[in-house]
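Below are the chains, spelled out letter by letter.
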Amino acid sequence: MNPTLVAVVLSLFSAVAYASAAVAQERLAARSAGSGTLRLLARGAWWWSVTLNAAAALLHVAALKYGTLTLVQPLGALTLVAAVPLGARMAGRRVSVVEWRGTALTLIGLGALLVTASGAAPDEVLSLPQALSVAGTTAAVIGLLARGARPGLRHATGSGFASGVASALTQTVTVAATDRSESTPIAQVVVVSLLVAAFAAGGLLLSQTAYQGGLGAPLAVVTLANPLAAAVIGLSLLGERLQGGPAGLLLALAGASVAAWGVVTLSRSAPEPHAAPADPRPVGPADDDHPVAAVLALESGPAAYEPSLIPRQPNPGHLTSL
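What you see is a predicted model, and the numbers here were worked out from it, not measured in a lab.

Criteria and thresholds
- Residues numbered from 1 in each chain as written.
- Predicted model: local features only at pLDDT ≥ 70, side-chain atom pairs only at ≥ 80, totals over all residues.
- Heavy atoms only, no water.
- Helix = DSSP H or I, 4+ residues; strand = E, 2+ residues; numbered from the N terminus.
- Buried < 20%, exposed > 50% of the residue type's maximum accessible area, 1.4 Å probe, protein only.
- Contact = heavy atoms within 4.5 Å.
- Areas by Shrake-Rupley, 256 points an atom, 1.4 Å probe, with all protein chains shown as cover.
- Salt bridge = Lys/Arg side-chain N within 4 Å of Asp/Glu carboxyl O.
- Patch = residues over 30% accessible without salt bridge, like charges linked within 9 Å, V, L, I, M, F, W, Y side chains within 5 Å.
- Axes fitted to C-alpha atoms, helices over the stretch in contact; angles between N-to-C directions.
- Parallel < 35°, antiparallel > 145°, perpendicular 65-115°, else oblique.
- Left-handed = near helix turned anticlockwise from the far one by under 90°.
- Nonpolar A, V, L, I, M, F, W, Y, C, P; charged D, E, K, R; others polar.
- Expected span 1.5 Å × (residues − 1).
- Core = buried A, V, L, I, M, F, W, Y, C linked by side-chain atoms within 4.5 Å.

**Things to note about the overall build of the protein**
Point 1. When helices and strands are counted, the protein shows 12 helices and zero strands.
Point 2. Listing each helix as α and each strand as β along the protein from the N terminus yields α-α-α-α-α-α-α-α-α-α-α-α.
Point 3. Across the 322 residues in the protein, those meeting the buried criterion constitute 42%.
Point 4. Counting only contacts in the protein whose residues sit at least 6 apart along the sequence, the fraction spanning at least 24 positions is 82%.
Point 5. Approximately 16900 Å² of the protein is accessible, and the part contributed by carbon and sulfur atoms is 67%.

What follows is the structure, encoded as structure tokens:
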């Protein structure tokens, strides 16, 4: 079977699994507001979402075995696309016009990228000096971006770079681990695996910091910086090439621009986080946040308390006549 097709199918299933888990976690967090983390651990729905996340991660790793970084990483935007109809269905509402527009733009842009980024399954890996050089350079850039405690787009950019580098290193581990020639030393695989864990954790922490200042712009920056970092590594160090020569390059740039426009549109349609009121009530199905917000695993603020619609007694302390 065509390795490009395998990578695309695996990435699609990975995106759907990530989106399903995120929507489930958002709804569970909304309904369990104030109940504490330990109570979430006792609920089967929470473990089901964890299983979905783990399956999505494994599918992404498998996709990196069959597809290049310039192909697989941009397909991560499909998570946002899949979250839109899933979240709308779970919330019992229709997909808005803005959401449809963002979805269409993202899919059109990714379609153009698929034409130019398709190719043979990856067979090159980063050498240990290359992996350490990439890790050191990225860590230095992230350190400069993350200076200062105030959350902002700098943290979102650092998160995207960290996640993109983690995926590039993951591809090296995956290709090396499945290489029957055993040309890659075990020590190199172990070191690169540790770097993967470090950058994955760092990307998560940076994203959580970035989202404290709002969702829309940081979400777009993280989603776009991730494939950018991975593509730079793939094109410069792993011998990846775009198909079609100069025309293919122009098509790839146009597709990336359209996909970025779609991601920004979807990000702007997500609500900003808001403070919880002093007297909250449990959130029902109709109170769910936008599905794109769920992709970031943000906790939903409960809806404002509304007093009962029972008529007020005209004379407190006395029964009214029937």
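**Observations regarding the pattern of salt bridges**
Pairing is possible between side chains of opposite charge, provided their charged atoms come close.
Point 1. Applying the stated criterion to the full structure yields one salt bridge.
Point 2. For the salt bridge of arginine 93 with glutamate 99, the shortest nitrogen-to-oxygen distance reads 3.2 Å.
Point 3. A relative accessible area of 32% means that arginine 93 is categorised as partly exposed.

**As for a nonpolar patch on the surface**
Point 1. Taken together, the side chains of Met1, Leu5, Val9 and Phe13 present a nonpolar region at the surface, about 460 Å² in accessible area.
Point 2. With respect to the helices and strands, the residue valine 9 is situated in helix H1 (residues 3-31).
Point 3. Among the residues examined, valine 9 registers a relative accessible area of 34% and is labelled partly exposed.

**Comments concerning the packing of helix H6 (residues 97-117) against helix H11 (residues 245-268)**
Packed helix pairs are characterised by how far apart their axes lie and by the angle those axes make with each other.
Point 1. Two elements in contact, H6 and H11, have axes separated by 7 Å at closest approach and are oriented at 155°. With respect to their mutual orientation, H6 and H11 come out roughly antiparallel. Classified by chirality, the crossing of H11 by H6 is left-handed.
Point 2. Taken together, the residues of the contact of H6 with H11 break down into 15 nonpolar, nine polar and one charged.

**Brief notes about helix H5 (residues 78-91)**
Helical periodicity: at 3.6 residues per turn, an α-helix aligns residues three or four positions apart in one direction.
Point 1. Over its 14 residues, H5 extends 20 Å from the first C-alpha to the last, a length consistent with the 20 Å expected when each residue adds 1.5 Å.
Point 2. Counting buried positions along H5 gives 10 out of 14 residues, so the element sits mostly inside the fold.
Point 3. Trailing H5 by a residue or two, glycine 92 shows a phi angle of about 70°, which is positive.

**Here's the deal with the nonpolar core**
Point 1. Leu69, Leu126, Ala131, Val165, Leu169, Phe199 and Ile233 are the most contacted members of the largest nonpolar core, which has 30 residues in total.
Point 2. A per-element tally of this core places helix H8 (residues 153-177) first, with seven residues.
Point 3. The contact partners of alanine 131, leaving out residues within four places of it in the chain, are Leu126, Leu169, Val192 and Leu195.
Point 4. The next biggest cluster of nonpolar side chains, apart from the first, holds 17 residues, and it includes Ala77, Leu80, Leu219 and Val263.

**Points about the packing of helix H7 (residues 128-145) against H8**
Point 1. Two elements in contact, H7 and H8, have axes whose closest approach is 9 Å; the angle formed by their N-to-C orientations is 170°. Taken together, the axis directions place H7 and H8 in an arrangement best described as roughly antiparallel. Along its contact with H7, which presents Ala131, Val134, Thr138, Val141, Ile142 and Leu145, the element H8 presents Arg154, His155, Thr157, Gly158, Phe161, Ala162, Val165 and Leu169.
Point 2. A breakdown of the residues in the contact of H7 with H8 according to their chemical character gives nine nonpolar, four polar and one charged.

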